[in-house]
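# Analysis of the macromolecular model
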Amino acid sequence: QVQLVESGGGLVQPGGSLRLSCAASGSIDSIYAMGWYRQAPGKQRELVATIISGGRTNYADYVKGRFTISRDNAKNTVFLQMNSLKPEDTAVYSCNAVVRTSPQSIVRTYWGQGTQVTVSS
């Protein structure tokens, strides 16, 4: 099995910053991609940002220029630096990872449990 554990959420004022982390552990042979998604109350889950093993990144338009995704391949960890936060960024942020497991060599997508980010004055 593979586990993803997020940390770094919390309450921040508009214009503030937070840094989320997500560490993957368990039966991992390799990780092809990692990403962050968010879900606000009453809304569907939406993409925030993704990063593939080669380092190429992809961002949703509503976070471009404010959020930065990065990855520590040696530690199977993905980060999301969030700057200039807005109240509309309030949501539960979840990470996922596309993993080739060991020793089964099966490719599956795993999700973390989510961390709450609240932007409010």
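In the block above lies the structure referred to throughout.
### Quick notes on the sheet that holds strand E8 (residues 77–82)
Spatially, the 4 strands line up as an open sheet ordered E1-E3-E8-E7, and their pairing is antiparallel. Whereas interior strands pair on both sides, the edge strands pair on one side only; in this sheet they are strand E1 (2–7) and strand E7 (67–72). Averaged over all neighbouring strand pairs, the angle between strand axes comes to 15 degrees, with direction disregarded. Pairing of E7 with E8 involves 6 bridges; the strand directions are antiparallel.

### What to know about the state of the cysteines
What we call a disulfide is simply a covalent bond connecting the sulfur atoms of a pair of cysteines. One pass over the full model with this rule turns up 1 disulfide. Bridging Cys 22 to Cys 95, the disulfide has an S-S length of 1.8 Å. Residues Cys 22 and Cys 95 are joined by a disulfide whose S-S torsion is about 45 degrees; by sign, that bridge is right-handed. With Cys 22 in strand E3 (residues 18–26) and Cys 95 in strand E9 (residues 91–101), the pair connects residues that are 73 residues apart, well separated along the chain. The burial state of Cys 22 is the same as that of Cys 95; both residues are buried.

### Focus on the nonpolar core
Trp 36, Leu 80, Met 82 and Tyr 93 are the most contacted members of the largest nonpolar core, which totals 32 residues. Counting only elements with at least two residues in this core, the list comes to E1, E3, strand E4 (28–39), strand E5 (46–52), E7, E8, E9 and strand E11 (115–119). Among the elements that line this core, the one with the most residues is E9, at 5 residues. Discounting chain neighbours no more than four positions away, the residues touching Leu 80 are Leu 18, Arg 19, Leu 20, Trp 36, Val 48, Ala 49, Phe 67, Thr 68, Ile 69 and Tyr 93.

### A look at the packing of aromatic side chains
Counted according to the given criterion, the structure contains 1 aromatic pair. In this structure, Arg 19 is placed above the aromatic ring of Phe 79, and the distance from its NZ or CZ to the ring centre is 4.1 Å. Between Arg 45 and the ring centre of Trp 111, over which it is positioned, the NZ or CZ distance is 3.7 Å.

### Topic: unusual backbone geometry
Looking along the chain, the bond that leaves Ser 102 and enters Pro 103 is cis, with omega of 0 degrees. Tracing the backbone through its elements, the reader meets Pro 103 in the loop between E9 and strand E10 (107–111). Phi is positive for Ser 84, which is not a glycine, with a value near 50 degrees. Secondary-structure assignment places Ser 84 in the loop between E8 and E9. By relative accessible area, Ser 84 is classed as partly exposed at 42%.

### Thoughts on the side chain of Arg 38
One can find Arg 38 in strand E4. At 2.7 Å, the side chain of Arg 38 and the side chain of Glu 46 are in polar contact. Polar side-chain contacts of Arg 38 include one of 2.9 Å to the side chain of Asp 89. Filtering out sequence-adjacent residues up to four positions away, Arg 38 remains in contact with Gln 44, Arg 45, Glu 46, Val 48, Tyr 62, Val 63, Phe 67, Glu 88, Asp 89, Ala 91, Val 92 and Tyr 93.

Quick notes on the rules
- Residues numbered from 1 in each chain as written.
- Predicted model: local features only at pLDDT ≥ 70, side-chain atom pairs only at ≥ 80, totals over all residues.
- Heavy atoms only, no water.
- Pairing = 2+ DSSP bridges.
- Helix = DSSP H or I, 4+ residues; strand = E, 2+ residues; numbered from the N terminus.
- Axes fitted to C-alpha atoms, helices over the stretch in contact; angles between N-to-C directions.
- Disulfide = S-S within 2.5 Å.
- Buried < 20%, exposed > 50% of the residue type's maximum accessible area, 1.4 Å probe, protein only.
- Core = buried A, V, L, I, M, F, W, Y, C linked by side-chain atoms within 4.5 Å.
- Contact = heavy atoms within 4.5 Å.
- Phe/Tyr/Trp six-rings, centres within 6.5 Å; stacked < 30°, edge-to-face > 60°.
- Lys NZ or Arg CZ within 6 Å of the ring centre and 35° of its normal.
- Polar contact = N/O pair within 3.5 Å; in protein donor to acceptor, adjacent residues only side chain to side chain.

Interpretation note: all reported values are geometric properties and have no functional meaning in isolation.
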